[in-house]
Amino acid sequence: MIPALTEVHAKTNSLLENFNSLFHRIMSRFYVDEKIFPPKGHRYTAVYSRDKEYLFDINATSFFTPAIRSRIIHFILDRKSFSSKADDDFAFGIERLIADDVYTAAYPLHDGELHRPGSMRHRLYTEWSAVRKMLQYQPLDYVKEYFGVKIGLYFAWLGFYTHMLLPAAIVGLLCFVYSCLTLYTNQPSEDICNKQLDIKMCPLCDHFCDSWSLDETCLHARVTYLFDNGTTVFFAIFMSFWAAMFLELWKRYSAEITHRWDLTGFDVQEEHPRPQYLARLAHVKRKHVNVVTNTMEPHVPFWSMRFPATMLSFSVVLLLVAMAVVAVLAVVLYRMSILAALSVYGDSVITSYALLFTTATAASINLCCIMVFNLIYTWLAERLTEVELLRTQTEFDDSLTLKIYLLQFVNYYASIFYIAFFKGKFIGYPGEYKRLFGYRKEECGPGGCLMELCIQLAIIMVGKQAMNTLLEMAYPLFYKWLNTLKVKTGLEPGSPATKGRSKQWMKDFKLVEWGPRGLFPEYLEMVLQYGFVTIFVAAFPLAPFFALLNNVLEMRLDAKKLLTFYRRPVSQRVRDIGVWYRILDSIGKLSVITNGCIIAFTSNFIPRLVYAFAVSENNSLDGFLNHSLAYFNMSDLEKKAAPSRTEFNITVCRYPDYREPPWSPNKYAQTSMFWHVLAARLAFIVIFENVVVFVMILVRWCIPDMSSSLRDQIRRETYITNEIIIRQETARARQLCRSCSPDGGPDLQQNLSEETEADEHYRRALLTPLTGADLDLVVMLRGKEEEERRLKAEEEEKMRLSEAGTSEYDPTKL
């Protein structure tokens, strides 16, 4: 070996070791403290069976965690019948008794006092939910053990999502910093601000709007450039790749979590049917066997029950979504009609506040519509989902989640989609405005539609997150105070319950009930935020940064809320985050389309690009502003659109469009540049979407859903678990054979010695990690030897019976 290369190799390894050591020391400040939360050891597990109870360490204190115990008790209470009447199919379950005021509440107790050391609740409160620990990793194993798998998976997903937001936030900030540094080098905005062009623009509304000077929009033009420049395309492409990476890496991380929490082989069919499902099908006589649980369950007729219920649910969902869209259109018509009504007044005070008045009242009406629709739709969605006769609680929750999210999507995003793709489009030109019900369509403000879209996104996203954070802590605090007041006023001073107020059950009774859909608002808030981060990120590159700031606090505040204000939830076993993953995947695919259309049609990126390479001689934007504005003769303005008074004595005004001037033979006709720009917009969308989709497919192909080491480990553990069960069953069978065959001792010892010799090669395999084909070969050889051994035993048994003079042969006695 060359000495120089050896020295370089040694120095390189030393440098890498020093870097890894430094990185580990830095990251150790953020890892979970193993002294407070010792790592959980991995155990081999199998589906519990009472017939094979000897395989399990049932005497261990941790055999059933507190979360599993609460789930078992709740399972029994949910299905226990309390009436002997044959015609009352719904006389079962603790929820029915609570609804009939037989009981006041039913809930598992928290593990001790919140502020008293020695309990898991106190340890999680001080080391997990504290805001000062917001930069540290979460003790997910202990969260799962205390609250159950469903809540544990939510915090695992939220933590992973927050970590993935870090690179997106950094890139978004860098794009914004670049925009700030190059702000005064943007030629179109400088042309507006230098006041040398003296361009007078056409009125933005009918009758009471006057022509205005373009230099008044200097601030708007510069702010628009911050979010509409060359980095916009780069960041939109980056976020499309980020969305694909996020989902693929989450699937990989989720596989590790589900394996660690023993959810890898969990099948929805193993989940027991809901009590409400069984009650609604009590009259169905036809039964069928569940292939997984091997139990008899009622069979739901497809055409007579399931199909009508599904069609009814689907139709009502479409109707309510359409009503939500109509409500948004009604608000748009309201704004246009108010502006038309105010145009008859000549008072300058009214006209100056007209836009502000219409915007404020329209926003208030939109908010009221959202609140009313949410209440009505949530109530209807629960009943429609119940009618669908869904077998398990997981299927019920997924169907309900999808219904409610559809309306929430329309409610929160409809106004943003309107600004991005419809406002200011298809409005005509000053001489021939397109009207809706006689009203002139809305145009974008002086800063353009992209600036309005950015403002709308910033207000809705940042404002919604801030309000949700305050309300999420205020609501449970208020209801906790209300429950405490009810307990104090509802108990007599000498009652036994009053004497036991110091007991844990009384303290937990004052807390707020978590409810079956407790996690839905948390997931909904994060998924709506994910939509803002991905679908409209081309208009607001700071969205990942604000989302990161919110989520760092959101994790700890959600944890504090669960431990402080709510009763301990009943544990639920789920396989993954459910339908939310499919929603996230759909949002990621939708974001590719929306970002491409925003860049192509809402921003001025494509017109600037076409002008720089097809019109400008030096590939610059000199003269682009004047080139993108068309001329219009004020005398050609419609009579009902003419201003009642004018400040500027002008005959020609300008408007943003590519049309022929009034002195041209084909006046106001669209120019060839319009078609060139339109072709460039469409070509950009095709290229953008195909490139992004191709790279997303490549990313998903390169990142497997599960690492090869984890896959081999799962197969290895499955093999060893099966071997343990086989050996235990064999030992049990031998003990039974000894007790029932007094003359079979020597033969039994001979069989044992033969089996020991035959098992020698794969016993070594149990102690050696195997992967891939080697593991398959061992399993195949083991199965082959078992078959040969069985055939040999059958032949020996038949020979023994023939020598004894009997032909009776029972293979089950072998």
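Every chain is numbered on its own, with residues counted from 1 as its sequence reads. Under the rules for a predicted model, residues below a pLDDT of 70 receive no local features and side-chain atom pairs below 80 are neither given nor counted, while totals for whole chains, interfaces and linings still include all residues. The side-chain values count all of the structure's non-hydrogen atoms but skip hydrogen atoms and water molecules.

Helical segments are the DSSP runs of H or I of at least four residues, strand segments are the runs of E of at least two, and each set is numbered from the N terminus. Looking only at helices and strands, the protein has 27 helices and ten strands in total. Note that accessible areas follow from Shrake-Rupley with a 1.4 Å probe, and for residues the cover is restricted to the protein chains shown. Summing over all exposed atoms, the protein offers an accessible surface of approximately 44,600 Å²; the carbon and sulfur share of this is 63%.

Right, let's get into the pattern of salt bridges. By definition, a salt bridge exists where a carboxyl oxygen of Asp or Glu is found within 4 Å of a side-chain nitrogen of Lys or Arg. Considering all chains together, one arrives at 14 salt bridges under this definition. Between E248 and K251 there is a salt bridge whose closest N-O contact spans 3.5 Å. Placement of the pair is E248 and K251 together in helix α9 (residues 230-260), with a separation of three residues, close to one helical turn. Close ionic contact of D558 with K561 constitutes a salt bridge, the shortest N to O distance being 3.5 Å. Separated by three residues within a single helix, D558 and K561 lie in helix α19 (residues 543-564), roughly one turn from each other. By relative accessible area, which is 2% here, D558 ends up buried. Among the ionic contacts, a cluster of salt bridges with common partners joins E248, K251, D585, K589, R700 and D705. For the exposure calls, accessible area comes from a 1.4 Å probe over protein chains only, and a residue counts as buried if that area is under 20% of its type's maximum, exposed if over 50%, partly exposed in between.

This part covers the packing of helix α20 (residues 579-602) against helix α23 (residues 672-702). Comment: axis = line fitted to C-alpha atoms, over the contacting stretch for helices; angle = value between 0 and 180 degrees taken between N-to-C directions. Two elements in contact, α20 and α23, have axes separated by 9 Å at closest approach and are oriented at 155°. Here α20 lies roughly antiparallel to α23, going by the angle between them. Crossing geometry of α20 relative to α23 is assigned as right-handed. Of the residues in α23, those touching α20 at D585, K589, V592, I593, N595, G596, C597, I599, A600 and F601 are L678, R681, L682, F684, I685, F688, E689, V692, V693, M696 and R700. Lys, Arg, Asp and Glu make up the charged group, whereas Ala, Val, Leu, Ile, Met, Phe, Trp, Tyr, Cys and Pro make up the nonpolar group; the residues left over, Gly among them, are polar. Across the contact of α20 with α23, the residue classes break down as 14 nonpolar, two polar and five charged. Geometric relationships in this document are graded by angle, where less than 35 degrees denotes roughly parallel, more than 145 denotes roughly antiparallel, 65 to 115 denotes roughly perpendicular, and other angles denote oblique. Left-handed describes a crossing in which the near helix is turned anticlockwise from the far one by less than a right angle; the clockwise case is right-handed. Working rule for contacts: check all heavy atoms of both residues, and any pair within 4.5 Å makes them a contact.

Residue types Ala, Val, Leu, Ile, Met, Phe, Trp, Tyr and Cys, when buried and joined through side-chain atoms within 4.5 Å, form a set referred to as a nonpolar core. Within the largest apolar cluster, 135 residues are counted, with the highest numbers of intra-cluster contacts made by W157, Y161, W242, Y405 and Y413. Tallying contributions element by element places helix α6 (residues 149-181) first for this core, with 16 residues. When neighbours within four sequence positions are excluded, Y161 is seen to be in contact with W242, F246, M526, Q529, Y530, V533 and N551. Core analysis: the second largest hydrophobic core is formed by nine residues, F632, L637, C653 and Y668 among them.

A covalent bond between the sulfur atoms of two cysteines is referred to as a disulfide. Cysteine sulfur atoms that come within 2.5 Å of each other are treated as a disulfide pair. All told, the structure shown has two disulfides when counted by the stated rule. With a sulfur-sulfur separation of 1.9 Å, C193 is cross-linked through a disulfide to C218. Taking the torsion about the S-S bond as the criterion, the C193 to C218 disulfide, at about 105°, is right-handed. With a gap of 25 residues between them, C193 in helix α7 (residues 187-193) and C218 in helix α8 (residues 218-227) connect regions that are remote in the sequence. Residues C193 and C218 agree in their burial class; the two are buried. With its sulfur 1.9 Å from that of its partner, C202 forms a disulfide with C653. Judged by the sign of its S-S torsion, about 80°, the cystine formed by C202 and C653 is right-handed.

Axis angle and axis distance: for two packed helices, these are the angle between their axes and the distance between the axes, and together they describe the pair. Where α9 contacts α23, the axes come no closer than 9 Å and their chain directions differ by 30°. As the angle between them shows, α9 and α23 are arranged roughly parallel. α23 is crossed by α9, and the crossing has right-handed handedness. Contacts from V233, A236, I237, S240, F241, A244, M245, L247 and E248 of α9 reach α23 at F684, F688, V692, V695, M696, V699 and R700.

UniProt positions are given in the numbering used here, feature names are shortened, and annotations may be inferred rather than shown by experiment. When the UniProt feature table is mapped onto this chain, "transmembrane region" (unreviewed entry) is found at residues 154-179, 232-250, 312-334, 354-380, 400-421, 527-553 and 673-699. Secondary structure content for residues 154-179 is 100% helix and 0% strand, and the end C-alpha separation is 36 Å. With 100% helix and 0% strand, residues 673-699 has end C-alpha atoms that lie 38 Å from one another.

Stacked, tilted and edge-to-face are the three classes assigned to paired rings of Phe, Tyr and Trp, where Trp is represented by its six-membered ring and a pair needs centres within 6.5 Å; plane angles under 30 degrees give stacked, over 60 edge-to-face, the rest tilted. What the rule picks out here adds up to 44 aromatic pairs. Ring centres of W242 and F246 lie 5.6 Å apart, and the angle between their planes is 5°; this geometry places the pair in the stacked category. Taken as a pair, W242 and F246 lie in helix α9 at a separation of four residues, close to a single helical turn. The class for W242 is buried, based on a relative accessible area of 4%. Relative to F409, the ring of Y405 lies with its centre 6.0 Å away and its plane at 50°, an arrangement referred to as tilted. Of the two residues, Y405 and F409 both sit in helix α14 (residues 393-421), four residues apart, roughly one turn of that helix. Look at Y405 and you get buried, because its relative accessible area is 6%. F409 gets classed as buried once you look at its relative accessible area, which sits at 19%.

Time to look at helix α5 (residues 140-147). For α5, a buried count of six out of eight residues is recorded, marking the element as mostly surrounded by other parts of the structure. Within the sequence span of α5, burial applies to L140, D141, Y142, V143, Y146 and F147. In this structure, the buried residues of α5 make contact with α2 (66-79), α4 (120-127), α6, α9 and α19. Two residues or fewer after α5 comes G148, characterised by a positive phi angle close to 105°.

The next subject is unusual backbone geometry. In this model, Y668 sits at a positive phi of 65°, which is unusual for a non-glycine residue. By the element assignment, Y668 lies in the loop between β10 (652-656) and α23. Residue Y668 is classed as buried on the basis of its relative accessible area, which comes to 6%.

Turning our eyes to something else, we now look at the environment of L482. As for its position among the elements, L482 is in helix α15 (residues 449-490). For the pair formed by L482 and V512, sequence separation is 30 residues and the distance between their alpha carbons is 9.3 Å.

The topology assignment puts D585 in helix α20. Among the residues examined, D585 registers a relative accessible area of 16% and is labelled buried. Among residues more than four places away in sequence, those in contact with D585 are L247 and R700.

With respect to the helices, strands and loops of the structure, Q529 is situated in helix α18 (residues 520-534). Q529 gets classed as buried once you look at its relative accessible area, which sits at 2%. Q529 sits 15 residues away from P544 along the chain, and the two C-alpha atoms are 9.2 Å apart. Q529 has contacts with Y161, L165, M461, Q465, A547, N550 and N551, leaving out every residue within four places of it along the chain. Residues adjacent in sequence count toward polar contacts only when both atoms are side-chain atoms; beyond that, a polar contact is any pair of N or O atoms within 3.5 Å, and within protein one must be able to donate a hydrogen and the other to accept it. A polar contact is formed between the side chain of Q529 and the side chain of N551, at a distance of 2.9 Å.

Here, expected helix span is obtained from the residue count minus one, scaled by 1.5 Å. With 31 residues, α9 extends 45 Å between its outermost C-alpha atoms, agreeing within 8% with the 45 Å of an ideal straight helix rising 1.5 Å per residue. Of the residues one or two after α9, D262 is the one with positive phi, at around 60°.

In this fold, N550 is placed in helix α19. Residue N550 is classed as buried on the basis of its relative accessible area, which comes to 8%. If we skip the residues at most four places from it in the chain, N550 touches Q465, T469, E525, M526 and Q529.

Taken together, the side chains of M467, L470, L471, Y475, F478, Y479, W481 and L485 make up a nonpolar region of the molecular surface, amounting to roughly 850 Å² of accessible area. Here F478 shows up in helix α15. According to the relative accessible area criterion, F478 is partly exposed, its value standing at 42%. Any residue with relative accessible area above 30% and no salt bridge may belong to a patch, with like charges joined within 9 Å and the nonpolar Val, Leu, Ile, Met, Phe, Trp and Tyr side chains within 5 Å.

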